[in-house]
Amino acid sequence: MSIRHGLLALLERGPRYGSQLRTEFESRTGSTWPLNVGQVYTTLNRLERDGMVAQGGEDEAGHALYAITDSGRDELKAWFEKPVDRTSPARDELAIKLAMAVGAPGVDIRAVIQSQRRHTVKAMQDYTRLKAQALAALESGASRERDDVAWLLVLEQLIFQTEAEARWLDHCEARLIRLSTAAGGAGEPRPPEPAEPAEPPASASRSASRTR
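In this text, all values refer to a predicted model and were calculated from it rather than measured experimentally.

Asker: Tell me about the overall build of the protein, and please be specific about residues and values.
Answerer: Helix and strand counts for the protein come out as eight helices and two strands. Going from the N terminus to the C terminus, the protein shows its helices and strands as α-α-α-β-β-α-α-α-α-α. The contacts of the protein with a sequence gap of at least 6 include a subset with a gap of at least 24, amounting to 57%. Summed over all atoms, the accessible surface of the protein reaches about 13,200 Å², with 53% contributed by carbon and sulfur.

Rendered as structure tokens:
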């Protein structure tokens, strides 16, 4: 996650102080990726060192204000224009866990997959409920539209992500069944067969379908 670019985007709207930037960042993203003040000021110090922000006086309460520079605007513009690099994906704990569970003594990979699927479906239901609340706030007009639209986009990304994860878990289980069957047919020792892929609760399926 690019905190530095997120802070530059907020500073593009005008000078801000550290805790104000933290509050606005969390409001825009629904606190999905919470920041602490120390993290914000550390990032601001680096941006100032790199010439992308500059301190510009204080507000009425004595907070030191930071403002974006021309160099910072150029950096922000380049960030918005450049696609996010997917050729070097971040390490995913779940993928690593399943990879290490394959053949691990004493580990029931079927139980690992099923446990994760339950958690993933629950998360998808929670995100879908939050999406409904965000949409209701927008439709009623009782919202700060800019922040709520931004939060809605983040929520929908999380929903699509959990849907994809649930499908991948189903695929993993089906793949293990096929490999186990093939190994058994060849006369090799067969690991415990996982159960057929479990369908998510009907409520989750209905909720997920409304996101498309």
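There is more to say after this.
Asker: Give a description of the pattern of salt bridges that names residues and reports values.
Answerer: Scanning the entire structure with this criterion turns up 12 salt bridges. Where Arg 117 meets Asp 170, a salt bridge forms, and the shortest distance between an N and an O atom there is 2.9 Å. One end of the pair, Arg 117, is in helix α6 (residues 109–140); the other, Asp 170, is in helix α7 (residues 145–185), with 53 residues separating them in the sequence. Judged by relative accessible area, Arg 117 falls into the buried class, the value being 6%. Glu 173 serves as the salt-bridge partner of Arg 117, at 2.7 Å between the closest nitrogen and oxygen.

Asker: Could you give me a rundown of the nonpolar core, with the residues and numbers involved?
Answerer: By size, the foremost hydrophobic cluster in this structure holds 16 residues, and its most contacted members are Leu 7, Leu 8, Leu 11, Leu 21, Val 40, Leu 44 and Val 53. Taken together, the elements giving at least two residues each to this core come down to α1 (3–11), α2 (18–29), α3 (37–49) and β2 (64–68). Sort the elements by how many residues they give to this core and α1 lands first, with five residues. Residues contacting Leu 44, with those up to four places away along its chain left out, are Leu 7, Leu 11, Gly 18, Leu 21, Val 53 and Tyr 66. Among the nonpolar cores identified, the runner-up in size contains seven residues, and Leu 98, Ala 101, Ile 109 and Cys 172 belong to it.

Asker: Provide a residue-level description of the packing of α1 against α2, including the pertinent values.
Answerer: Orientation of α1 relative to α2, taken along the N-to-C sense of each, is 100 degrees, at an axis distance of 10 Å. Taken as axis vectors, α1 and α2 run roughly perpendicular relative to one another. For the pair formed by α1 and α2, the contact residues are Gly 6, Leu 7, Leu 10 and Leu 11 on the first element and Leu 21, Glu 24, Phe 25 and Arg 28 on the second. In terms of residue class, the contact of α1 with α2 is made up of five nonpolar, one polar and two charged.

Asker: Account for the pairing of strand β1 (residues 53–58), naming residues and giving values.
Answerer: Summarising the sheet, β1 and β2 pair through four bridges and their orientation is antiparallel. Bridge pairing links Gln 55 to Tyr 66 in β2. Between β1 and β2, which pair antiparallel one after the other, the connecting turn spans five residues, and Gly 62 there sits at a positive phi close to 90 degrees.

Asker: An account of the packing of aromatic side chains is requested, with residue identities and associated values reported.
Answerer: Enumeration over the complete set of coordinates arrives at two aromatic pairs. Note on Trp 79 and Phe 80: the rings are 5.2 Å apart at their centroids and 40 degrees apart in plane angle, and the pair reads as tilted. Since its relative accessible area comes to 34%, Trp 79 is described here as partly exposed.

Asker: Account for α1, with residues named and values stated.
Answerer: The buried fraction of α1 amounts to seven of the nine residues, a majority that puts the element mostly inside the structure. Buried residues belonging to α1 abut α2, α3, β1, β2 and α4 (70–81).

Asker: Explain the packing of α2 against α3 to me, and be specific about the residues and the numbers.
Answerer: Their axes nearest at 9 Å, the elements α2 and α3 cross at an angle of 110 degrees. On the basis of the axis angle, α2 is roughly perpendicular to α3. For the pair α2 and α3, the sense of crossing is right-handed. Along the contact surface, α2 presents Gly 18, Ser 19, Leu 21 and Arg 22, while α3 presents Val 37, Val 40, Tyr 41 and Leu 44.

Asker: Go over the side chain of Arg 16, please, and point to the residues and values.
Answerer: Assignment of secondary structure puts Arg 16 in the loop between α1 and α2. At a separation of 2.9 Å, a polar atom in the side chain of Arg 16 contacts the side chain of Glu 24. Not counting the four nearest positions on each side in its chain, Arg 16 is found in contact with Leu 10, Leu 11, Leu 21, Glu 24, Ala 64, Leu 65 and Tyr 66.

What counts and what doesn't
- Residues numbered from 1 in each chain as written.
- Predicted model: local features only at pLDDT ≥ 70, side-chain atom pairs only at ≥ 80, totals over all residues.
- Heavy atoms only, no water.
- Helix = DSSP H or I, 4+ residues; strand = E, 2+ residues; numbered from the N terminus.
- Contact = heavy atoms within 4.5 Å.
- Areas by Shrake-Rupley, 256 points an atom, 1.4 Å probe, with all protein chains shown as cover.
- Salt bridge = Lys/Arg side-chain N within 4 Å of Asp/Glu carboxyl O.
- Buried < 20%, exposed > 50% of the residue type's maximum accessible area, 1.4 Å probe, protein only.
- Core = buried A, V, L, I, M, F, W, Y, C linked by side-chain atoms within 4.5 Å.
- Axes fitted to C-alpha atoms, helices over the stretch in contact; angles between N-to-C directions.
- Parallel < 35°, antiparallel > 145°, perpendicular 65-115°, else oblique.
- Nonpolar A, V, L, I, M, F, W, Y, C, P; charged D, E, K, R; others polar.
- Pairing = 2+ DSSP bridges.
- Phe/Tyr/Trp six-rings, centres within 6.5 Å; stacked < 30°, edge-to-face > 60°.
- Left-handed = near helix turned anticlockwise from the far one by under 90°.
- Polar contact = N/O pair within 3.5 Å; in protein donor to acceptor, adjacent residues only side chain to side chain.

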